[in-house]
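If you want the building blocks of each chain, they are given just below.
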Protein chains: 2
Amino acid sequence: MGMNQTPASERVHISFFGKRNAGKSSVINAVTGQDLAIVSSVMGTTTDPVYKTMELLPLGPVMVIDTPGIDDEGELGALRIRKSYQVLNKTDIAILVIDSTAGKGEEELELIHRFHKKGIPYLIVYNKIDLLSTEKIKDLAMSVRAGEVLVSASDGMNIQELKEKIASLKPEDTHKYPLIQDLIDPLDLVILVVPIDKAAPKGRLILPQQQTIRDILERGALSLVVRDTELKSTLDHFLAQGVCPKLVVTDSQAFARVSKAVPENITLTSFSILFSRYKGELETQLKGIAALSSIEDGDRILIAEGCTHHRQCGDIGTCKMPEWIRNYTGKKPVFEFTSGTEFPDDVSSYKMVIHCGGCMLNEREMKYRIACCQDQGVPITNYGILIAQVTGILKRSLGPFPEMQKLI
Amino acid sequence: MGMNQTPASERVHISFFGKRNAGKSSVINAVTGQDLAIVSSVMGTTTDPVYKTMELLPLGPVMVIDTPGIDDEGELGALRIRKSYQVLNKTDIAILVIDSTAGKGEEELELIHRFHKKGIPYLIVYNKIDLLSTEKIKDLAMSVRAGEVLVSASDGMNIQELKEKIASLKPEDTHKYPLIQDLIDPLDLVILVVPIDKAAPKGRLILPQQQTIRDILERGALSLVVRDTELKSTLDHFLAQGVCPKLVVTDSQAFARVSKAVPENITLTSFSILFSRYKGELETQLKGIAALSSIEDGDRILIAEGCTHHRQCGDIGTCKMPEWIRNYTGKKPVFEFTSGTEFPDDVSSYKMVIHCGGCMLNEREMKYRIACCQDQGVPITNYGILIAQVTGILKRSLGPFPEMQKLI
């Protein structure tokens, strides 16, 4: 089975594009087919891009995306092509599969143009070379450039070479800031406040909590994990014994209560803010939150989520967020909601966009959404920062980042 | 996308069985097709059972298993049928799809017999009723019993009813013992020792660690998460300040070092032992470890893993385990290895079986494997208990369970 627990957001997203007859699926199967237990081509609905999580050595855990043909016809076909293009926003590595008996056409040139525009590293795969004459193969081989591979998915020719080339395109870790390691020293105690309500997933911790614990461990420091309901007793006891935390990190939703329980001299922040900085988005989102003060009745606000089936986000997004915003602003804006992969290309009609933490989206997609908003001059912020703002503790939660406090 | 992080072991496993022409895939698509973004029938290889993780309300996270036709022909066909039968070992809910135009045959009766034998709750789905005459439908409807549903996957008839019936078969939580909650009181401090080596998954915690933290939180107690390398300094500091842990839980691999760092008056155990008890396997595995003392040169030992792509298990299983056993026994047994879904029905030729913690297998499958060994009189134990034994700290690690200490 090899069910892999790596979340989608941490996987390298490899997308395969091409015309319907280019042999995309065969190439995917040939590349991934080294382990039959994991590989299972996902078919069935050809309307939507198809996602498979797998381990692709030497890349590690990846998300392979099979997209609808870029030459599909009719009204539905046009919709499918559009969906293929949307996949670009989350693509870390693009593979363009071309039928070598047909050659490169307009659709392929259009795609290559888009790869360049979005700065996506890509490979061009000439498939079906088994169908070419020896002479034609020679001609093609002579003209092959870096970033192009001749393969035959049906007889496995050059598939190993293709895999190595894909692996060589693996994106670098581009984090400008660490998650938490620069804020603590070895043996420092960090208290992590993790509320357990009915929305919390059964028997596990959500990813940001895991990542934070992991980052603290790697620094040689200590995580004390506690519910919000036990925080005060715990702090009282520890402080009375002379054990003082260096930092308290809380779930955003418990921020207001936690802020009261933590003495002013102890630095307090939230998982949201740590991750926002880690991803390089904090500055943008702090600027974005300013828009809240100028919201008027009837302004349109987009509340966007990265996942479709994460009940916790759903409840916050569709219920709590609108309520918090109405209470804080005293106005009645109009809320619209998107979830999963739907995110409008045109956000210009919104007064502001409020996005979830995006833990289920890969970074490329999240950055794309932020760029969409910035390009169109629409303020964007995230759930955690909005909650901190409406509960009046945004300034305090930026305690570890004095330079950011100046932005609000 | 709605990529769901719930691990396979925590999902209800729903398996669909039937003849090749019964419309199994159509029924699966109809049942799961409420959300196109998640649903994607997994085809491609028909040789192996096909697994899909998804959210199926009101059941929650499930694993849907599509099995090869039970009437497949030829040598390959027989192999496929055998694989379908093997799926029974991990099936929590079985769905038998029957072509209502053909009716119930020998193969179906054989399957139903096996459902009964293995105590698997099941439903019989008569598909393709749209192809029957009104009269025949009436006849069939008159004779339908509880546990039988008439559907038409192609026009969606009764699919909602089928979904509700599936949900009603959801297995109860059958844990005899809690994970850790009965060992601690609210506000107790539990130290969790989590080594970070190159085998640890990047940016996250493995499932047993998450589950333990979660269980401690639910008890209103505190988890202090620390690496093995910082454990001694941390304990020294905390004890000097008068803060004493109620319990220390360590990764099995760090047990020997951790045991030295933790004063004798503090109770110490391992994640392995906690989970072994939680799953009701501890007694069997403690009896199993006794076989180690009678291993002779040439004895066959099976080392079995539940996952195929979890490097950490792989290294332990194929490298460290054999070395530890050779060193401890001073003998040269012959090691054999299995991983993933391969686990031999016949284990009688082995002197003992050593299984990984099975965090990637669902409980039904793990219980089946243990039952296989017990039925054939072959001792079975797990990685954690073996490590504790060879490092000489098994007795201490059973500290929280005095009644179990008597078994060794």
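Structure: see above.
So, here is what we can say about the structure in this document. (Residues numbered from 1 in each chain as written. Chains lettered and ligands numbered in written order. Predicted model: local features only at pLDDT ≥ 70, side-chain atom pairs only at ≥ 80, totals over all residues. Heavy atoms only, no water.)

1. Topic: the overall build of chain A
How we decide: Segments assigned H or I by DSSP are reported as helices when at least four residues long, segments assigned E as strands when at least two residues long, and all are numbered from the N terminus. Relative accessibility under 20% of the residue-type maximum defines a buried residue, over 50% an exposed one, and the middle range a partly exposed one, all with a 1.4 Å probe and only protein chains included. Residue contacts follow a heavy-atom distance rule, with two residues in contact if any of their heavy atoms lie within 4.5 Å. Areas reported here follow the Shrake-Rupley algorithm with a probe of radius 1.4 Å; residue values treat only the protein chains shown as occluding.
Helix and strand counts for chain A come out as 15 helices and 14 strands. Among the 408 residues that make up chain A, the fraction classed as buried is 57%. Contacts in chain A between residues far apart in sequence, at least 24 positions, make up 74% of those at least 6 positions apart. Of the roughly 16800 Å² of accessible surface on chain A, a fraction of 50% belongs to carbon and sulfur atoms.

2. Quick look at unusual backbone geometry
Residue leucine 187 of chain A is not a glycine yet carries a positive backbone phi of 70°. With respect to the helices and strands, leucine 187 of chain A occurs in the loop between helix H5 (159-168) and strand E7 (189-193).

3. Focus: the sheet that holds strand E14 (residues 380-382) of chain A
The pairing of strands in a sheet happens through backbone hydrogen bonds and is either parallel or antiparallel. Residues and elements named next belong to chain A. Keep this limit in mind: Should DSSP find at least two bridges between two strands, the strands are regarded as paired. Interaxial angle, 0 to 180 degrees, is taken between N-to-C directions of lines fitted to C-alpha atoms, where a helix line uses only the stretch in contact.
Spatially, the four strands line up as an open sheet ordered E12-E11-E13-E14, and their pairing is parallel. Looking at strand neighbours, the two that pair on one side only are strand E12 (334-338) and E14, the edges of this open sheet. Taking each pair of neighbouring strands and ignoring which way they run, the sheet shows an average axis angle of 25°. Summarising the sheet, strand E11 (residues 300-304) and strand E13 (residues 352-355) pair through four bridges and their orientation is parallel. Residue leucine 302 lies in a different strand from E13, and its bridge partner there is valine 353.

4. Some words on the pattern of salt bridges
Residue and element names in this part refer to chain B. Rules: Each reported salt bridge corresponds to a side-chain nitrogen of Lys or Arg within 4 Å of a carboxyl oxygen of Asp or Glu.
In total, this model carries 52 salt bridges over all chains according to the counting rule given. Note that arginine 20 and aspartate 71 form a salt bridge whose closest N and O atoms lie 3.4 Å from each other. In this pair, arginine 20 sits in the loop between strand E1 (12-18) and helix H1 (24-32) while aspartate 71 sits in the loop between strand E3 (60-66) and helix H2 (74-87), placing the two residues 51 residues apart along the sequence. The class for aspartate 71 is buried, based on a relative accessible area of 17%. Among the ionic pairs, arginine 257 bridges to aspartate 228, the shortest N-O distance being 2.5 Å.

5. Some thoughts on the packing of aromatic side chains
All names here are of chain A. Note the cut-off: Working definition: a ring pair exists when centres of Phe, Tyr or Trp rings (six-membered ring for Trp) sit within 6.5 Å. Plane angles under 30 degrees give stacked, over 60 give edge-to-face, the rest tilted. Two limits define a charge over a ring: the Lys NZ or Arg CZ must be within 6 Å of the ring centre, and within 35 degrees of the ring normal.
Taken as a whole and judged by the stated rule, the model has seven aromatic pairs over all chains. Relative to phenylalanine 115, the ring of phenylalanine 17 has its centre 5.7 Å away and its plane inclined at 55°; by these criteria the two rings are tilted. Taken together, the positions of phenylalanine 17 in strand E1 (residues 12-18) and phenylalanine 115 in helix H3 (residues 106-118) put the pair 98 residues apart, joining distant regions of the chain. An identical accessibility class is assigned to phenylalanine 17 and phenylalanine 115; each is buried. Taken together, the ring pairs connect Phe17, Phe115 and Tyr122 into an aromatic cluster. For arginine 300, the ring lying beneath its charged end belongs to tyrosine 350, and the centroid distance is 4.7 Å.

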